[in-house]
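Residue strings, one per chain:
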Amino acid sequence: MLLSLCTLLLAPTRLLLALRRLVARLGLAVAVVAMGVAYGLWGLWVLLRQGPRRTFWWRVRDRPPPGLADGTFGEHRHLHLKQGWGHQVPPAPPGQCHHHHHHHHLPPPRFCWRHLLQEFGTRYRVVALDLRGYGASEKPPGRDSYRMEVLLEDIRQVIEILGTPNGQSEVTAATGATAASPKCILVGHDWGGVLAWELAASHPTMVEKLVIMDAPSRAVMEDFTTCHPSQLLRSSYIFFFQLPWLPELLLSLADFELLKTILTGPWTGIQNPTQRLTEQEVDAYLYSLSQPGGLTPTIHSYRNLF
């Protein structure tokens, strides 16, 4: 009797939750289709403007541009993890704080941090990571290989490996005390910031300080988007990335014209004329993406968001 009464009282709540899920799914489907049409029209415009030959051609960058893999911004090494490997730069003298940069964004992440590597590299042990699917890191096939819990485990392992050299616990330079677990100063931007929020929440003992740029936590993102509909427009690419194969096709059109526009255009590029990306730096961003199959792994992370 009591159980039946509780079930009856909970029925309206369950109905509202089911209705909310249905509305969310319908909204997502509408946004995905709308963004697919919008970006598809852009692709059609490129086709009409440049013709089929130039539109469906892109250049595979055979050699890394200067600064990407020549040691200009630090030493390049590979870490072999239980479920993949990360690319990191550079090691620094022992005893310094670990300043762990993490960034997950469509351009290759490690190169994005080049100026900060030089700025902080003299005082900290600075590590810029290519997560799985990016840059020189492993690119396992399949969408499931890029689920959030898998990416978080990659980062956790990297901190653990770099924070416990030779399998020993770290010793804090100021106090001489043995740390209970490896720690880092974790810095994340954009999608990397979302991952940084999640890692700090799930493994707080591993994060000494957390620096987030341009990324809310997932806990507040839904409410913020509801109150600020313009954010949906700014995040339109996320809905576009939910589609199969079309994002890879449109992003690679005319030798990655869309990405070049995002990186150097008057609205989305660097506004200071003296600091705008050079052609060589743009090629550094496009180097790994231009390799056969280089785009799909970077998009799979977004495809797992919903």
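Basis of the calculations
- Within any chain, residue numbers begin from 1 and follow the written order of that chain's sequence.
- Residue-level local features of this predicted model are given only where pLDDT is at least 70; pairs of side-chain atoms are given and counted only at 80 or more, and the full residue set underlies all totals for whole chains, interfaces and linings.
- To get the side-chain values, take all heavy atoms of the structure and skip hydrogens and water.
- Only DSSP runs of H or I reaching four residues or more are called helices, and only runs of E reaching two or more are called strands; each is numbered from the N terminus.
- When a residue's accessible area, from a 1.4 Å probe over protein chains only, is under 20% of the maximum for its type it is buried; when over 50% it is exposed; and in between it is partly exposed.
- Contacts are assigned to residue pairs that have any heavy atoms within 4.5 Å of one another.
- Methods summary: accessible areas were calculated by the Shrake-Rupley approach with a probe of 1.4 Å, and residue burial reflects only the protein chains presented.
- Salt bridges are defined as contacts in which a side-chain nitrogen from Lys or Arg sits within 4 Å of a carboxyl oxygen from Asp or Glu.

Enquirer: Just checking my understanding: could you explain the overall build of the chain for this structure?
Expert: A count of helices and strands for the chain gives 11 helices and 6 strands. Among the 306 residues that make up the chain, the fraction classed as buried is 44%. For the chain, restricting intrachain contacts to residue pairs at least 6 apart in sequence, the fraction spanning at least 24 positions comes to 69%. For the chain, the exposed surface amounts to about 17200 Å²; the carbon and sulfur share of it is 63%.

Enquirer: Would you explain the environment of G265 in this entry?
Expert: Here G265 lies in the loop between α9 (246–264) and α10 (279–286). Of the residues examined, G265 reaches a relative accessible area of 10% and is grouped as buried. On a C-alpha basis, the gap between G265 and R276 in space is 9.7 Å, while along the polypeptide they are 11 residues apart.

Enquirer: What exactly am I supposed to notice about unusual backbone geometry here?
Expert: Of all residues except glycine, most have a negative phi; of all peptide bonds, most are trans. Within the chain, D214 stands out as a residue other than glycine whose phi angle is a positive 60 degrees. Among the secondary structure elements, D214 is positioned in the loop between β6 (207–213) and α6 (218–227). A residue is classified by how much of its surface remains accessible, and D214, at 61% relative accessible area, is exposed. In this model, D255 sits at a positive phi of 55 degrees, which is unusual for a non-glycine residue. Position of D255 relative to the elements: it lies in helix α9.

Enquirer: Help me understand the pattern of salt bridges in this model?
Expert: Where side chains of opposite charge bring their charged atoms close, a pairing between them can arise. Applying the stated rule across the entire model yields 14 salt bridges. The residue R59 makes a salt bridge to D283 at a minimum N-O spacing of 3.4 Å. Of the two residues, R59 is situated in the loop between α1 (2–55) and β1 (77–81) and D283 in helix α10; the sequence distance between them amounts to 224 residues. The class for D283 is buried, based on a relative accessible area of 15%.

Enquirer: Can you walk me through the environment of F256 in this structure?
Expert: Relative to the helices and strands, F256 resides in helix α9. For the pair F256 and T55, spaced 201 residues apart in sequence, the C-alpha separation works out to 9.5 Å.

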